[in-house]
Amino acid sequence: MEAQSPEAFLDLYRESGALLEGHFQLSSGLHSNRYLQSALVLQDPRKAETLCRALAQRLPAGIQYVVGPALGGVVVAYELARALGAYGQFTERKEGTMQLRRGFRLPAGARVFIMDDILTTGTSIRECHDALKDMDIDIVGCGCLVDRSDGQADVAGLPLYALVGLEVQAWDPADCPLCAEGLPLEKPGSRGA
C-alpha cells in the first residue's frame, strides 16, 4: 500500500471516510465546508505507516525525537518516529496547558520534530512548541499530514513539512455562508472535549 502523489494520499482519507463534506466547526473555532477526521484513516496501521513513511523521506536527517500534541498528534508522532528510527512522545494538557507528562523526557541537545495530523491555524503545534521551547533541545521543524492552512498557519517560526496541502474554505462564524443558509453545524473535533 504505497501512495505516491498528493492525490493518492488524499485517496487514503477518502477510502477511510476521513474526508467529510458539510458544515463543520473546526477546533480553531472557524467554520468549514470540509472536515478531515484523521482518526478514521489512522485506525488502519498500514495507511498510517504509508503516510508517515512518505513524510519521513522529506525531513532533515538526524531527528531523534518526534513529539505530537495530544490528541491528533499522538498516532502520527509515533508512526513518524517509527519511520525515522526515533523516539515518539506526546504533550497533553494539564490544567489547560500543554506539557510533557507520563515520564517523557528529552535529553539535552536532542534533535526534536513536532508532528500533528492536520494543520489549520497552527494552535496545537504552537502549544506543543511552547511546552518544549525552554528545554535544552534543538527543535528542527514541525510537520503534518495535511496542511489546510494555505500557508497562513502560525507554527512558531519553525520550518513546516506537510505531506499534502489541501485547499479548504474556512470562515469566521459571523461570516459563514453555510450558517447563513441555515445548514446544521457539526462539531466533530476533539479539542476541549
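Conventions and cut-offs
- Residues numbered from 1 in each chain as written.
- Predicted model: local features only at pLDDT ≥ 70, side-chain atom pairs only at ≥ 80, totals over all residues.
- Heavy atoms only, no water.
- Phe/Tyr/Trp six-rings, centres within 6.5 Å; stacked < 30°, edge-to-face > 60°.
- Helix = DSSP H or I, 4+ residues; strand = E, 2+ residues; numbered from the N terminus.
- Buried < 20%, exposed > 50% of the residue type's maximum accessible area, 1.4 Å probe, protein only.
- Disulfide = S-S within 2.5 Å.
- Polar contact = N/O pair within 3.5 Å; in protein donor to acceptor, adjacent residues only side chain to side chain.
- Contact = heavy atoms within 4.5 Å.

Colleague: How would you summarise the packing of aromatic side chains if you had to cite specific residues and measurements?
Modeller: Using the criterion set out here, one finds four aromatic pairs in the structure. Ring geometry for F24 against Y35: centres 5.7 Å apart, planes inclined by 40°, an arrangement best described as tilted. With F24 in strand β1 (residues 19-25) and Y35 in strand β2 (residues 31-36), this pair connects stretches of sequence that are eleven residues apart. The class of Y35 is buried, set by a relative accessible area of 10%. Consider the rings of Y65 and Y87, whose centres lie 5.1 Å apart with planes at 20°: the pair is stacked. In this pair, Y65 is assigned in strand β3 (residues 65-69) and Y87 in strand β4 (residues 87-94), connecting sequence segments 22 residues apart. Since its relative accessible area comes to 12%, Y65 is described here as buried.

Colleague: Go over the state of the cysteines with me, naming the residues and quoting the values.
Modeller: In a disulfide, the sulfur atoms of two cysteines are held together by a covalent bond. Across all of its chains, the model carries zero disulfides by this definition. We note that C142 lacks a disulfide partner, and the nearest cysteine sulfur, in C144, lies 7.5 Å from it. Here C144 falls in the buried class, since its relative accessible area comes to 0%.

Colleague: Explain the side chain of D116 to me, using residue names and the numbers behind them.
Modeller: Note on placement: D116 falls in strand β6 (residues 111-119). Residue classification places D116 among the buried residues on the basis of a relative accessible area of 5%. Of the polar contacts made by the side chain of D116, one reaches the backbone nitrogen of G73; its length is 3.3 Å. Apart from residues lying up to four places away in sequence, D116 is in contact with P69, G72, G73, V76, S124, I125, G143, C144 and L145.

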